[in-house]
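# Analysis of the macromolecular model
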Amino acid sequence: MPRGRPRVGIVMGSDSDLDVLRETIKVLDDIGIAHEVVVASAHRTPEQTRRYATRADRRGIRVLIAGAGGAAALPGFLASLSPLPIIGVPLNSTPLSGLDSLLSMVQMPKGVPVATMAVGKWGAANAGILAAQILALGDAGVRKRLAAFRKTMAAEVAQRSRRVAAELRRKR
Ligand code: RP5
């Protein structure tokens, strides 16, 4: 976990969301961005969530990432209270497989945006990358580490390509 004052706040609607949001944590750890994780629910703990949202900016948080499932009001609730950019991660935690949370997050009213990611682990990882891109606008160190992160990703794809080619050659 990178040291220093947290710059990204990861808010999850329930501790049962942690498994998916570990993907966000991993990306932020890899890029070296200090973050904090809190469990707060728009519906179950509105007062605590409101307090967190209204104080985050003053505490030095620069981006909020919110993951929630079902009637996923959490990112929209944060967006209504905080001037910070809000990234929403729809979670697949109900019998509707995340389509419910995706639509809840993406259909924000005009004037109160939530940058909504893909459902589940892909979205959770992309939320971390998008947060890093936002921070990179004003931080050359993050920009450099983000470039290295992308380079590693590209190298992994090249390696997979070589592996596939080798496997096909063997089967000929
Ligand atoms: C949502 O309800 C949470 O974000 C979670 O995805 C879902 C289920 O929560 P638990 O009943 O497991 O606490 O608010």
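Below, the structure is looked at part by part. The structure presented is a predicted model; accordingly, all values stated were derived computationally and were not measured. (Residues numbered from 1 in each chain as written. Predicted model: local features only at pLDDT ≥ 70, side-chain atom pairs only at ≥ 80, totals over all residues. Heavy atoms only, no water.)

### So, the site of the ligand
What counts, and what does not: Each residue is tested against the molecule or strand, and it is near if at least one of its non-hydrogen atoms lies within 4 Å. Whenever a nitrogen or oxygen atom comes within 3.5 Å of another N or O atom, the pair is scored as a polar contact, on the condition that within protein one atom can donate a hydrogen and the other can accept it, and that pairs from neighbouring residues in sequence are kept only if both atoms are in side chains. For every accessible area listed, the method is Shrake-Rupley and the probe measures 1.4 Å; residues are considered covered only by the protein chains on display.
All residues in the neighbourhood of the ligand are listed as Gly13, Ser14, Ser16, Asp17, Arg44, Ala68, Gly69 and Ser93. The separation between an oxygen atom of the ligand and a polar side-chain atom of Ser16 is 2.6 Å. In this structure, Gly69 approaches the ligand through a main-chain N or O atom, which is 3.1 Å from an oxygen atom. Notes on the ligand: free accessible area 360 Å², of which the protein chains cover 69%.

### Points about helix H6 (residues 140-171)
In an α-helix, one full turn covers 3.6 residues, which means residues spaced three or four apart are oriented alike. Our working definition: What counts as a helix is a DSSP run of H or I of at least four residues, what counts as a strand is a run of E of at least two, and both are numbered from the N terminus. To estimate how far a helix should extend, the number of its residues minus one is multiplied by 1.5 Å. Note on contacts: a residue pair is in contact if any heavy atoms of the two residues lie within 4.5 Å.
Between its first and last C-alpha atoms H6 spans 47 Å; for 32 residues at 1.5 Å apiece the expected length is 46 Å, and the two agree. At its buried positions, H6 is contacted by helix H1 (18-31) and helix H5 (121-136).

### Examining the nonpolar core
Formally: Side-chain atoms within 4.5 Å link the members of a nonpolar core, which is a set of buried Ala, Val, Leu, Ile, Met, Phe, Trp, Tyr and Cys residues. Relative accessibility thresholds used throughout: buried, under 20% of the residue-type maximum; exposed, over 50%; partly exposed, between the two (1.4 Å probe, protein chains only).
Val8, Ile31, Ile33, Ile65, Ile87, Val89 and Val142 are the most contacted members of the largest nonpolar core, which has 27 residues in total. Contributing elements (two or more residues each) for this core: strand S1 (8-12), H1, strand S3 (63-69), strand S4 (86-91), H5 and H6. With 8 residues, the top contributor of residues to this core is H5. Here Ile33 is in contact with Pro2, Val8, Leu28, Ala132, Leu135 and Val142, once residues within four sequence places are set aside. Counting residues in hydrophobic clusters, the runner-up holds 18 residues, among them Ala40, Ala53, Leu64 and Leu74.

### Some thoughts on the pairing of strand S2 (residues 35-39)
Short version of the rule: Being paired, for any two strands, means DSSP has found at least two bridges between them. Seen with its strands pointing away from the viewer, a crossover is right-handed when the path leading from the first strand over the helix to the second is clockwise.
Note that S1 and S2 share 5 bridges and pair parallel. Its bridge partner being in S2, Val11 is matched across the sheet by Val38. Read from S1 through H1 to S2, the crossover connection turns out right-handed.

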